[in-house]
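# Commentary on secondary and tertiary structure
So the chains spell out like this:
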Amino acid sequence: MKAQVLTSFGGPQSFELRDVPKPVPQAGQVLVRVQATSINPLDYQVRRGDYADLVPLPGITGHDVSGVVEEVGPGVTAFAPGDEVWYTPQIFDGPGSYAEYHVAAESIVGKKPASLTHLEAASLTLVGGTAWEALAVRAQLKAGESILIHGGAGGVGHVVIQVAKAMGARVFTTVKEDNFEFARSLGADVVIDYTKEDYVEAIQRETGGHGVDVVFDTIGGDTLTRSPDVLAQLGRVVSIVDIAAPQNLIQAWGKNASYHFVFTRQNRGKLDELSALIERGQLKPHVGAVYSLADIPLAHARLESRDNGLRGKIAIAVGPLADHTSAQA
Ligand SMILES: NC(=O)c1ccc[n+]([C@@H]2O[C@H](COP(=O)([O-])OP(=O)(O)OC[C@H]3O[C@@H](n4cnc5c(N)ncnc54)[C@H](OP(=O)(O)O)[C@@H]3O)[C@@H](O)[C@H]2O)c1
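The name given to the protein chain in an unreviewed UniProt entry is Zinc-dependent alcohol dehydrogenase family protein, with Massilia arenae as the source organism. On record in UniProt, under Subunit (unreviewed entry), the comment for the protein chain is "Homotetramer." Quoted verbatim from the Subcellular location (unreviewed entry) field of UniProt, the annotation for the protein chain is "Cytoplasm".

## Side note on the sheet that holds strand β11 (residues 212–217)
Spatial strand order, β10-β9-β8-β11-β12-β13: six strands in an open sheet with parallel pairing. Only two strands of the sheet have a single neighbouring strand rather than two, namely β10 (190–193) and β13 (258–261). In this sheet, adjacent strand axes meet at a mean angle of 15° when their direction is disregarded. Inspection of the sheet shows strand β8 (residues 146–150) paired to strand β9 (residues 170–175) by five bridges, in the parallel sense. Paired with S146 across the strands is R170, a residue of β9.

## Points about unusual backbone geometry
Along the chain, L57 connects to P58 via a cis peptide bond; the corresponding omega equals -5°. Positioned with a positive phi, Q140 is a non-glycine residue whose angle comes to about 50°. The residue Q140 is located in the loop between α3 (125–139) and β8 in this model. Owing to 12 C-beta atoms within 10 Å, Q140 belongs among the exposed residues under this scheme. We note that L234 has phi near 60°; this positive angle belongs to a residue other than glycine. As for its placement among the helices and strands, L234 is situated in strand β12 (residues 231–239). Residue classification places L234 among the exposed residues on the basis of 10 C-beta atoms within 10 Å.

What counts and what doesn't
- Residues numbered from 1 in each chain as written.
- Predicted model: local features only at pLDDT ≥ 70, side-chain atom pairs only at ≥ 80, totals over all residues.
- UniProt positions renumbered as here; feature names shortened; annotations may be inferred.
- Pairing = 2+ DSSP bridges.
- Helix = DSSP H or I, 4+ residues; strand = E, 2+ residues; numbered from the N terminus.
- Axes fitted to C-alpha atoms, helices over the stretch in contact; angles between N-to-C directions.
- Buried ≥ 20, exposed ≤ 12 C-beta atoms within 10 Å, placed from the backbone.

Written as structure tokens, this is what we have:
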């Protein structure tokens, strides 16, 4: 099978499109013909060596799969050949999804929502699973509460807006002005241009000084230390980004705040929760660009560059879909 193999840690050209052996499903595993995958910041962080100790080279990376079950290993009961499935491979535990075939434990595999294309489904597994874990499991966002979502036009943020609205929250989000309409179309109630206005002042003004119940952090930097300035009493902060330096969170004490740190975990339950939102028309990923398996280096370079004009996700067409999609948008 064809796969993009990471041969060394470095720039986007560190990948080589190679022929490698097709994996064989073991007990409890399914072999999936990958139709689509997608690009996440985690992918370029892995590529450049941020997690070098956890990633053996040469290796196949990639963290989203949408595809079709080709074969099942002994003991698999939930799936049969021909089933359309979606999932995030176990992170830092075995080969990733930049390949024509992938094997995974059936426990982390979900039934792909029928209304999504493979490109859309592959754009959602990691970011959607993260959104669900952050809002439902950790922050326990409730109907009638409010949330500030940093980075609402990004891969994670554009999904978190939709999930928060589906949960009945009032949504404030930071995006550039170019993305105001996009964020509103996803359900954002209040949009804040973070390049022109300080978000703390905007939240104070928009909430009459009350603050928000939840802050969702996709940015890092000083977001954790500044969150108490925008939190209501008993507020919660959920961060999905690495903390580069020690943070002084003493201001959070006065708000009775709690902080949650999320590194997304894989399980079928989360995917099924997302499927229910999709079926109810409350969630749809936005595919901002599509590249082929061969063009993964270009897709990495695009996501990694700050001024990339992207909204939502970059999807990767694998296999037959690559015949009618190429680098675009
Ligand atoms: N812990 C986990 O499980 C987990 C899971 C998924 C992602 N992550 C992490 O979460 C982060 C975001 O991921 P992603 O997939 O959403 O990345 P992405 O698709 O690159 O989106 C990032 C977004 O943030 C915006 N942005 C940049 N600086 C900003 C600022 N100061 N204020 C507001 N918005 C800002 C960018 O918009 P413009 O540049 O166009 O303004 C872009 O829309 C990454 O660091 C990723 O590694 C963690």
